[in-house]
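# Understanding the architecture of this molecule
Take a look at the letters that make up each chain.
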Amino acid sequence: LEKGNKIDNNFGFALDIGTTQLTAYLMDLNTGQSLDYISEPNKQIKFGADVISRLTYIMKGGKNLSNIHLTLISQINEILKRLIKKRKINPINIYEGVVVGNTVMMHTFHKSDPTPLSKYPYTPKIKKAVYKSSRFFNLKINRLSMIYTPPNIAGYMGSDIVSDIISSEIYKEEDNSILIDIGTNT
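Summary of the structure given here. Quantities reported herein were computed from a predicted structural model and do not represent experimental measurements.

Moving on, we come to the sheet that holds strand β1 (residues 11–17). Here we have six strands laid out as an open sheet, ordered β3-β2-β1-β4-β6-β5, and mixed in their pairing. Either end of the sheet is taken by a strand with one partner, and the two such strands are β3 (34–41) and β5 (130–133). Put simply, the sheet's adjacent strands are angled 15° from each other on average, direction ignored. By the bridge criterion, three bridges tie strand β4 (residues 94–101) to strand β6 (residues 146–149) in an arrangement that is parallel. Looking at β6, one finds that Val 98 is bridged to Tyr 148. Set on the sheet, helix α2 (residues 64–86) makes contact with β1, β2 (21–28), β3 and β4; between it and β3 the angle comes to about 140°. Across the face of the sheet, helix α3 (residues 103–110) comes into contact with β1, β4, β5 and β6 while running at roughly 140° to β4.

In structure tokens, the structure reads:
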């Protein structure tokens, strides 16, 4: 519970963690409208240009998984800070976030070892939808805010594809349909 009426200051964000790009949208949760966005190169690229290179880096052990995770979290916090400042929003008014990406990117976001994705049967550790406090990810927004990550379908079909299916409503089609996500790993 918070003191006072916060209904006019109810914001969230949507973030796509691509192998090459991070794209974040600042959202008005009252209207569902996008207020602004930032898209920039994923700074994890210094650990490898593609998911296989990043998996190889993580598999070398040590603090490599932590390094790649902290690089991502730091960049997300930088992007959110810029969006918040640009729109003159108090970070405590960010109450919710949705984060999607390919399966490897989602594992690095959750700081979960993605190495099982490097060998057959390419089974992700994170399969189900996850709803966690922003404190778990050390995001610099409202401490009570929640972050939702949709499920990963398989080793190389991540929550980004699940979100594409939901937002396009392709699942309602009775005719044959195709969904193409053209990204770095396509």
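Picking up after the structure, the text goes on.
Under the defined criterion, the tally for this structure stands at seven aromatic pairs. Relative to Tyr 57, the ring of Phe 47 has its centre 4.7 Å away and its plane inclined at 35°; by these criteria the two rings are tilted. Separated by 10 residues along the polypeptide, Phe 47 in the loop between β3 and α1 (51–59) and Tyr 57 in helix α1 bring together distant segments of the chain. Ring geometry for Tyr 122 and Tyr 156: centres 6.2 Å apart, planes at 65°, overall edge-to-face. One end of the pair, Tyr 122, is in the loop between α3 and β5; the other, Tyr 156, is in the loop between β6 and α5 (159–168), with 34 residues separating them in the sequence. Members of the aromatic cluster, connected to one another through ring pairs, are Phe 109, Phe 136 and Phe 137. Positioned over the ring face of Phe 136 is Lys 132, at 3.6 Å from the centre of the ring.

Among the residues making up α1, those that are buried are Val 51, Arg 54, Leu 55, Tyr 57 and Ile 58. The buried side chains of α1 occupy one side of the element, clustering within an arc of 160° when seen end-on. As for α1, its buried residues are in contact with α2 and α3. Backbone geometry just downstream of α1 places Gly 61 in the positive-phi region, at approximately 85°.

The rules behind these values
- Residues numbered from 1 in each chain as written.
- Predicted model: local features only at pLDDT ≥ 70, side-chain atom pairs only at ≥ 80, totals over all residues.
- Heavy atoms only, no water.
- Pairing = 2+ DSSP bridges.
- Helix = DSSP H or I, 4+ residues; strand = E, 2+ residues; numbered from the N terminus.
- Axes fitted to C-alpha atoms, helices over the stretch in contact; angles between N-to-C directions.
- Contact = heavy atoms within 4.5 Å.
- Phe/Tyr/Trp six-rings, centres within 6.5 Å; stacked < 30°, edge-to-face > 60°.
- Lys NZ or Arg CZ within 6 Å of the ring centre and 35° of its normal.
- Buried < 20%, exposed > 50% of the residue type's maximum accessible area, 1.4 Å probe, protein only.
- Arc of directions from axis to C-beta.

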